[in-house]
Amino acid sequence: QVQLVESGGGLVQSGGSLRLSCAASTSISTISVMAWYRQVPGKQRELVAFITSVDMTKYVDSVKGRFTISRDVAKNTMYLHMNNLKPEDTAVYYCNAEKPPYPAFWGQGTQVTVSS
């Protein structure tokens with residue numbers, strides 16, 4: 001069982017930056033994959049980026065070069081550093097964790113709003 005709590009969302013101007021945090025209730029060294037998703041009302045939830053237990057990362061094309069996913073194992077926390085934010089990045093951002101054989105775990109989300 002893993003509890004996830006997101007924080008760091010807010011309102012920023014276009015071109016600004018934010019750092020999202022996802023704090024886990026257990027050691028993230030035991031988690032196979034952690035990821036950030038985002039969702040706009042009425043739209044499908046989208047995978048933004050993921051990071052594996054060996055720090056392999058991957059990003060959706062629209063955020064490549066702007067977002068960076070990372071982990072701090074000592075703090076049991078995953079981060080999403082978001083730079084050069086655009087209005088189309090506006091969404092609720094969710095933390096996700098996979099720890100087989102258990103089903104996926106989700107946080108409650110944090111709102112990111114980017115003004116023009």
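Anyway, here's the lowdown on the structure attached to this text. (Residues numbered from 1 in each chain as written. Predicted model: local features only at pLDDT ≥ 70, side-chain atom pairs only at ≥ 80, totals over all residues. Heavy atoms only, no water.)

## Details of the pattern of salt bridges
Using the criterion set out here, one finds five salt bridges in the structure. Notably, a salt bridge pairs Asp 55 with Arg 71, separated by 3.0 Å at the nearest N-O pair. Placement of Asp 55 in the loop between strand S5 (46-52) and strand S6 (57-59) and of Arg 71 in strand S7 (residues 67-72) is noted, with a sequence separation of 16 residues between them. Take Arg 71: its relative accessible area is 18%, and that puts it in the buried class. Asp 89 serves as the salt-bridge partner of Arg 66, at 2.8 Å between the closest nitrogen and oxygen. (Salt bridge = Lys/Arg side-chain N within 4 Å of Asp/Glu carboxyl O. Helix = DSSP H or I, 4+ residues; strand = E, 2+ residues; numbered from the N terminus. Buried < 20%, exposed > 50% of the residue type's maximum accessible area, 1.4 Å probe, protein only.)

## Topic: the sheet that holds strand S3 (residues 18-24)
Pairing is antiparallel across the open sheet formed by four strands, whose spatial order is S1-S3-S8-S7. Strands at the two margins of the open sheet, each flanked by one partner only, are strand S1 (4-7) and S7. Taking each pair of neighbouring strands and ignoring which way they run, the sheet shows an average axis angle of 15 degrees. The pairing of S3 with strand S8 (residues 77-82) spans six bridges and is antiparallel. Considered in S8, the bridge of Ser 21 is made with Tyr 79. (Pairing = 2+ DSSP bridges. Axes fitted to C-alpha atoms, helices over the stretch in contact; angles between N-to-C directions.)

## Notes on the state of the cysteines
This structure, assessed with the given rule, holds one disulfide. Across a sulfur-sulfur distance of 1.9 Å, Cys 22 and Cys 95 are joined as a disulfide pair. On the S-S bond that ties Cys 22 to Cys 95, the torsion sits near -75 degrees, and the link is left-handed. Here Cys 22, found in strand S3, pairs with Cys 95, found in strand S9 (residues 91-98); they are 73 residues apart in sequence, far enough to count as distant. (Disulfide = S-S within 2.5 Å.)

## Considering the side chain of Asn 96
Examined against the element boundaries, Asn 96 turns out to sit in strand S9. Polar contacts involving the side chain of Asn 96 include one to the main-chain carbonyl oxygen of Phe 105, which spans 3.5 Å. Ignoring anything within four residues of it in the chain, the contact list for Asn 96 reads Leu 4, Val 33, Met 34, Ala 35, Tyr 37, Ala 104, Phe 105 and Trp 106. (Polar contact = N/O pair within 3.5 Å; in protein donor to acceptor, adjacent residues only side chain to side chain. Contact = heavy atoms within 4.5 Å.)

## Observations concerning the pairing of strand S4 (residues 33-39)
Of all seven residues making up S4, six are buried, and the element is well covered by its neighbours. Across seven bridges, the pairing between S4 and S9 is antiparallel. In the strand pairing of S9, Ala 35 is matched with Asn 96.

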